[in-house]
Amino acid sequence: VMYQEMSFNTVGLNENTRIKFSIQPNPAKDEIEIRHFENGPLDVQIIDMQGRVVYQGTIGQPSNVIDLQRLTPGVYQVILSNEKTYSAQKLLVL
């Protein structure tokens, strides 16, 4: 299984400004841990394949656990963002 990381930058920003983060485990069933390497809080969105936001919150610690028990099995995008940029990764929920 391959997962592709996608990142998007606000116009005019250097590509090195993307948010670096990891999701463990992936695929996941009950919960995920998101680890990031940014200073300050980040907004988190989990979006289903129909474009609906199924989770939204803010994380402030370098390591954060998110409960997935309300999500149905499928493929999702996890997006982390701040006032400068954002990055996305695919998440497979079993």
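The structure we're discussing is the one just above.
First, a word on scope: everything that follows refers to the structure included in this document. Computed from a prediction, not measured in an experiment: that's the story for all the values here.

## Regarding the nonpolar core
Right, so step 1: Ranked by internal contacts, the top residues of the largest apolar core, which has 18 residues, are I32, I34, L68, V78, L80 and L91.
Right, so step 2: Elements that contribute at least two residues to this core include exactly strand 2 (21–24), strand 3 (31–36), strand 4 (42–48), strand 7 (74–81) and strand 8 (85–93).
Right, so step 3: Beyond its immediate sequence surroundings of up to four residues, L80 is in contact with I19, F21, I34, H36, L42, D43, V44, I59, T85, Y86 and S87.

## Some points on the environment of P73
Right, so step 1: Note on placement: P73 falls in the loop between strand 6 (63–67) and strand 7.
Right, so step 2: The exposure class assigned to P73 is exposed, which follows from its relative accessible area of 62%.
Right, so step 3: In sequence terms P73 and V93 are 20 residues apart; their C-alpha atoms lie 4.8 Å from each other.
Right, so step 4: Leaving out residues up to four positions away in the same chain, P73 has contacts with V93 and L94.

## What about the side chain of D48?
Right, so step 1: Here D48 shows up in strand 4.
Right, so step 2: For D48, a relative accessible area of 11% gives the class buried.
Right, so step 3: Engagement of the side chain of D48 in a polar contact is seen with the side chain of R52, the distance being 2.7 Å.
Right, so step 4: Not counting the four nearest positions on each side in its chain, D48 is found in contact with V54, V75 and Y76.

## A word on the pairing of strand 5 (residues 53–59)
Right, so step 1: Here strand 4 runs beside strand 5; their pairing, made up of six bridges, is antiparallel. The residue of strand 5 that forms the bridge with V44 is G57.
Right, so step 2: A loop of four residues connects strand 4 with strand 5, the two strands running antiparallel in sequence, and G51 in this loop sits at a positive phi of about 85°.

## Let's talk about the sheet that holds strand 6
Right, so step 1: Here three strands make up an open sheet; going across it, the order is 2-3-6 and the pairing antiparallel. If you trace the sheet from one side to the other, it starts and ends with strand 2 and strand 6, each paired once. When strand polarity is set aside, the average angle formed by the axes of neighbouring strands in this sheet is 25°.
Right, so step 2: Two strands pair when backbone bridges link them, and strand 3 and strand 6 are joined in this way by five bridges, in the antiparallel orientation. Across the sheet, the residue bridging to E31 is D67, located in strand 6.

What counts and what doesn't
Residues numbered from 1 in each chain as written. Predicted model: local features only at pLDDT ≥ 70, side-chain atom pairs only at ≥ 80, totals over all residues. Heavy atoms only, no water. Core = buried A, V, L, I, M, F, W, Y, C linked by side-chain atoms within 4.5 Å. Buried < 20%, exposed > 50% of the residue type's maximum accessible area, 1.4 Å probe, protein only. Helix = DSSP H or I, 4+ residues; strand = E, 2+ residues; numbered from the N terminus. Contact = heavy atoms within 4.5 Å. Polar contact = N/O pair within 3.5 Å; in protein donor to acceptor, adjacent residues only side chain to side chain. Pairing = 2+ DSSP bridges. Axes fitted to C-alpha atoms, helices over the stretch in contact; angles between N-to-C directions.

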